[in-house]
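Observations on the model geometry
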Amino acid sequence: MFNIGCHLSSAKGMLAMGEDALSVGANTFQFFTRNPRGGKAKELDIADCNALNDLMAKHQFAKIIAHAPYTLNMAAKDEGLRKFAADTIADDMKRLSYTPSALYNIHPGSHVGQGPEKGIELITAVVSQILDMDFQTPLLLETMSGKGSEIGRSFEEIQTIINNCGNHPRLGVCLDTCHVWSAGYDIVNKLDDVLDEFDAVIGLDRLHAIHLNDSMTPFASNKDRHENIGKGSIGLDAITRIINHPKLRHLPFCLETPNDTPGHGVEIALLKTKYLA
Ligand code: FE
Ligand code: FE
Ligand code: ZN
């Protein structure tokens, strides 16, 4: 079963996202838990969550991805900003208990000049605080492109956080194809080697989801510019190998390409022709 979907707007609510996903041939999707720049979440509507859960069960959806606001910085220098991140994540986790098939994805953070070691220490403190709470939703750290002072540009940095959190079973990884390519992992020419490296450093059992994006910028550029599938420096052939790779093909693939929902539908239809039954 090919698990493919795209990022959707949550403006119309949870059930509406499930319906939007179905309308573009998707069986998974991603959404921001609140305004991507942070701030207050919409009031929780449990009936709406249940309606989505029923729709997803009926249509055999794969896991869906709830994306944390990208302005949260668990590695911020300011303690108040780190507390804001922790409080927001905890509130998101509480809300996600009403959509049990959701995964929670977050950018590890940026060390803003404090150095990667300090950044990893600060991230570990927030992540372990969340994992100590009673939430069931898996928490995924996203692989990053390494722009600015981003943590998570290497598998080793992510593994250090996981290790420092006692290899908690609810801690996982979401691999973003644009980001790892930009970070210098050659998924175009050496996909097997990159996956072997991921397995050796982190363990493929921690990999829960793929953000499927092409890249506007060249290999190892440390830029974070998503491109539509087949239109960037990764290309359709490499993306076809990624969705069919025996170590990846069971995972949920989610597009974050610069397209509107109908445009994502066109990409999903194209990708379905490339997925080997
Ligand atoms: Fe992201
Ligand atoms: Fe991503
Ligand atoms: Zn990105």
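So, here is what we can say about the structure in this document. These numbers come from a predicted model, not from an experiment.

What follows deals with the layout of surface pockets. By volume, the largest pocket is sized at about 500 Å³. Residue lining of the largest pocket: 28 residues in total, with F32, H67, Y70, H107 and D224 positioned closest to the centre. Looking at the lining of the largest pocket, the elements with two or more residues in it are β2 (28–32), β5 (109–110), β7 (150–151) and α9 (261–274). Residue composition of the lining of the largest pocket, grouped by class: seven nonpolar, 15 polar and six charged. Each pocket or cavity is described by its volume, and for the second largest pocket that value is around 340 Å³. If you trace the second largest pocket, you find 21 residues lining it, with M14, F31, T33, K42 and R95 closest to the centre. The set of elements that each furnish at least two residues to the lining of the second largest pocket consists of β2, α2 (46–58) and α3 (79–96). Looking at which element gives the most residues to the lining of the second largest pocket, the answer is α3, with three residues. Its residues placed into classes, the lining of the second largest pocket shows eight nonpolar, five polar and eight charged.

Moving on: the coordination of the iron ion (ligand 2). Six octahedral donors at a metal ideally form angles of 90 or 180 degrees, and four tetrahedral donors ideally form angles of 109.5 degrees. Donor atoms from the polypeptide that coordinate the iron ion (ligand 2) comprise E142 (OE), D176 (OD), H211 (ND1) and E256 (OE), at 2.1 to 2.2 Å from the metal. On the primary sequence, the residues serving as donors to the iron ion (ligand 2) are separated as E-x33-D-x34-H-x44-E. For the pair the iron ion (ligand 2) and the iron ion (ligand 1), the metal-to-metal distance amounts to 3.3 Å, and E142 bridges them. With E142 in strand β6 (residues 139–142) and D176 in strand β8 (residues 171–176), this pair connects stretches of sequence that are 34 residues apart. There is no split in this pair, since E142 and D176 are both buried.

Attention now moves to the state of the cysteines. Counted under the stated rule, the structure contains zero disulfides. Of all cysteine sulfurs, the one in C254 lies closest to C6, which takes part in no disulfide; the gap is 6.4 Å. There is no disulfide at C165, and the cysteine sulfur nearest it, in C174, is 17 Å away.

A separate point is the environment of F31. You can see F31 is positioned in strand β2. In sequence terms F31 and H67 are 36 residues apart; their C-alpha atoms lie 5.9 Å from each other. Setting aside its immediate chain neighbours within four residues, F31 contacts H7, L8, S10, M14, M17, I64, I65, A66, H67 and L96.

Moving on: the sheet that holds β8. Ordered by their spatial adjacency, eight strands build a closed barrel running β1-β2-β3-β4-β6-β8-β9-β12, and the pairing between neighbours is parallel. For this sheet, the mean inter-axis angle between neighbouring strands, taken without regard to orientation, is 30°.

Time to look at the packing of helix α4 (residues 116–131) against helix α5 (residues 155–164). Think of two packed helices as two axes; the pair is described by the angle between the axes and how far apart they sit. Running from amino to carboxyl end, α4 crosses α5 at an angle of 40°, the nearest separation of the two axes being 9 Å. When the axes of α4 and α5 are compared, the pair comes out oblique. Here the hand of the crossing between α4 and α5 comes out right-handed. Of the residues in α5, those touching α4 at P116, I120, I123 and T124 are E157, T160, I161 and N164. Considering only residue class, the contact of α4 with α5 consists of four nonpolar, three polar and one charged.

Attention shifts here to the coordination of the iron ion (ligand 1). Summarising the metal site, the iron ion (ligand 1) is bound by the protein donors H67 (NE2), H107 (NE2) and E142 (OE), whose distances to it range over 2.1 to 2.3 Å. Donor residues for the iron ion (ligand 1), ordered by position in the chain, follow H-x39-H-x34-E.

Covered by surrounding structure in strand β3 (residues 64–67) are I64 and A66 together with I65 and H67, the residues of both alternating faces. For the crossover from β2 across α2 to β3, the handedness is right-handed. Where β3 and strand β4 (residues 102–106) come together, four bridges link them in parallel fashion. Within β4, the position partnered with I65 by the bridge is L103. Considered for its hand, the β-α-β crossover made up of β3, α3 and β4 is right-handed.

Quick notes on the rules
- Residues numbered from 1 in each chain as written.
- Chains lettered and ligands numbered in written order.
- Predicted model: local features only at pLDDT ≥ 70, side-chain atom pairs only at ≥ 80, totals over all residues.
- Heavy atoms only, no water.
- 1 Å grid on protein atoms, 1.4 Å probe; cavity = no way out; pocket = protein on both sides within 12 Å on 5 of 7 lines; lining within 4 Å.
- Points joined across faces, edges and corners; volume = space filled by probe spheres on them.
- Helix = DSSP H or I, 4+ residues; strand = E, 2+ residues; numbered from the N terminus.
- Nonpolar A, V, L, I, M, F, W, Y, C, P; charged D, E, K, R; others polar.
- Donors = N, O, S within 2.8 Å, 3.2 Å for Na, K, Ca; no water.
- Buried < 20%, exposed > 50% of the residue type's maximum accessible area, 1.4 Å probe, protein only.
- Disulfide = S-S within 2.5 Å.
- Contact = heavy atoms within 4.5 Å.
- Pairing = 2+ DSSP bridges.
- Axes fitted to C-alpha atoms, helices over the stretch in contact; angles between N-to-C directions.
- Parallel < 35°, antiparallel > 145°, perpendicular 65-115°, else oblique.
- Left-handed = near helix turned anticlockwise from the far one by under 90°.
- Right-handed = clockwise from strand over helix to strand, strands pointing away.

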